[in-house]
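# Fold and geometry: a report
Below, each chain spelled out in residue letters.
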Amino acid sequence: MNYTDVFMTGHFLDDQAVGLYGAAATLASLVAVGTELLNPMFLSIITRQWAGGDNESVIATFNNNNRWFLYLTLPLLAGATLMAGPLMGLLWGQPFQAGATALVLLTAGRFFFCIENTSLLLLSMHGAGKFLLISNVSVAGLNVVLNWWLIPLIGINGAALATCVSLAFHAALVMTGARMYHRRQGMRVIYWMILFAAVLPACVLILLPRYLGHGWSGVLLSGILYSLCFVVLLLAFRVFSSEDRQVWQAVLRWLRGPGTERP
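In this report, we go over the structure that sits alongside the text. Note that the coordinates shown come from a computational prediction; the quantities given were computed from them, not determined experimentally.

## Brief notes about the nonpolar core
Counting 63 residues, the largest nonpolar core has L70, L74, L122, I194 and F230 as its most contacted members. The element best represented in this core is helix 4 (residues 55–82), accounting for 10 residues. Setting aside chain neighbours within four positions, we find I194 in contact with R67, L70, Y71, L74, F230, L234 and V239.

## Some remarks on the packing of helix 4 against helix 6 (residues 100–115)
Look at helix 4 against helix 6: their axes get within 10 Å of each other, and the N-to-C directions meet at 175°. Taken together, the axes of helix 4 and helix 6 lie roughly antiparallel to each other. Of the residues in helix 6, those touching helix 4 at N66, F69, L70, T73, L74, L77, A80 and T81 are L103, V104, T107, A108, F111, C114 and I115. Partitioned by chemical class, the residues of the contact of helix 4 with helix 6 number 11 nonpolar, four polar and no charged.

## Here's the deal with empty space enclosed by the protein
For the structure on display, the rule yields one cavity of 30 Å³ or more. Here the largest cavity defines a volume of roughly 40 Å³. Lining of the largest cavity is provided by G34, T35, L38, N39, N65, N66, F69, C114, I115, N117 and T118. When residues of the lining of the largest cavity are traced back to their parent elements, those giving at least two are helix 3 (33–51), helix 4, helix 6 and helix 7 (117–125).

## Structural notes on the packing of aromatic side chains
Per the counting criterion, the structure on display carries eight aromatic pairs. Between F12 and W148 the ring centres are 5.1 Å apart and the planes differ by 85°, which places this aromatic pair in the edge-to-face class. Here F12 is found in helix 1 (residues 4–12), whereas its partner W148 is found in helix 8 (residues 129–154), with 136 residues between them in sequence. The class of F12 is partly exposed, set by a relative accessible area of 29%. For W148, a relative accessible area of 53% corresponds to the exposed category. Taken together, a centroid distance of 6.4 Å and an interplanar angle of 5° make the contact between Y226 and F230 stacked. With a gap of four residues between them, Y226 and F230 both fall in helix 12 (residues 216–236), about one helical turn apart. Overall, Y226 belongs to the buried group, its relative accessible area being 1%. Judged by its relative accessible area of 3%, F230 is buried.

## A short note on the environment of A172
Along the chain, the position of A172 falls in helix 9 (residues 156–181). In this structure A172 comes out as partly exposed when scored by relative accessible area, which is 36%. It is 8.6 Å that separates the C-alpha atoms of A172 and F112, two residues lying 60 residues apart in sequence.

## Let's talk about the packing of helix 10 (residues 192–199) against helix 12
Contact geometry for helix 10 and helix 12: axes closest at 8 Å, N-to-C directions at 145°. Crossing of helix 10 against helix 12: the hand is right-handed. Residues I194, A197 and A198 of helix 10 form the contact with helix 12, whose participating residues are Y226, F230, L233 and L234. A per-class count over the contact of helix 10 with helix 12 returns seven nonpolar, no polar and no charged.

## Description of helix 2 (residues 15–28)
Taking 1.5 Å as the rise per residue, helix 2 with 14 residues should run 20 Å; its terminal C-alpha atoms sit 20 Å apart, in good agreement. Regarding helix 2, the residues found buried are A17, L20, Y21, A23, A24, L27 and A28. Projected down its long axis, helix 2 shows its buried positions confined to an angular sector of 155°, all on one face. The elements touched by buried residues of helix 2 are helix 1, helix 5 (84–92), helix 6 and helix 9.

Each value, and the rule that gives it
- Residues numbered from 1 in each chain as written.
- Predicted model: local features only at pLDDT ≥ 70, side-chain atom pairs only at ≥ 80, totals over all residues.
- Heavy atoms only, no water.
- Core = buried A, V, L, I, M, F, W, Y, C linked by side-chain atoms within 4.5 Å.
- Buried < 20%, exposed > 50% of the residue type's maximum accessible area, 1.4 Å probe, protein only.
- Helix = DSSP H or I, 4+ residues; strand = E, 2+ residues; numbered from the N terminus.
- Contact = heavy atoms within 4.5 Å.
- Axes fitted to C-alpha atoms, helices over the stretch in contact; angles between N-to-C directions.
- Parallel < 35°, antiparallel > 145°, perpendicular 65-115°, else oblique.
- Nonpolar A, V, L, I, M, F, W, Y, C, P; charged D, E, K, R; others polar.
- 1 Å grid on protein atoms, 1.4 Å probe; cavity = no way out; pocket = protein on both sides within 12 Å on 5 of 7 lines; lining within 4 Å.
- Points joined across faces, edges and corners; volume = space filled by probe spheres on them.
- Phe/Tyr/Trp six-rings, centres within 6.5 Å; stacked < 30°, edge-to-face > 60°.
- Left-handed = near helix turned anticlockwise from the far one by under 90°.
- Expected span 1.5 Å × (residues − 1).
- Arc of directions from axis to C-beta.

Right under this line is the structure:
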């Protein structure tokens, strides 16, 4: 499912379009940084909690992981969507700016794919293999149909749109399934105050590069200023909690490796 768009783009379009799409797909994959960092730790923690019958801790860990995913991912999502053209041009040359729309769509799709991962691991914990198999096969089929229809119609943007819709639909299925299998109150995937904190300073990424230029200095300064505004708004909205400090300490222990836990 992850590579159907690439294969079908190669089938329907020319080498130049394949190159543009491959560059956009590579850059869009960066939004998975939060997932790659958090999920290995998350799965081991909820497995222990579930085996011990501690359902409240499973939900707390689920919510904490989703909150930290948003902390890490939303700035990357904002940068890749609001500065898609300059980023494509800086990394691969000015002709690649033509793939900016595909980058926006692919980044959105990857965001949906990543935000479902905590729910996916929760389903794995419950042994919901049949549900996951049906979901995967259904969405893979939908992805093929959409790519077959949209790529000849609108080129690489069609491939990106097909992938975005497919991944969003898969995320909806997985998150709904997680609530069906883990029937407990209090599970949260979206935190609106974190989203507001990410949206409000978006003008920094839109307007500042126009004054600083679209070179590396302008893009990097815009990204740094946006990140600072994001953190300040999180503090102003009082989003951070004592649980966040515990998660941060757990991440540091996991990164340092086994045998570093405090007594």
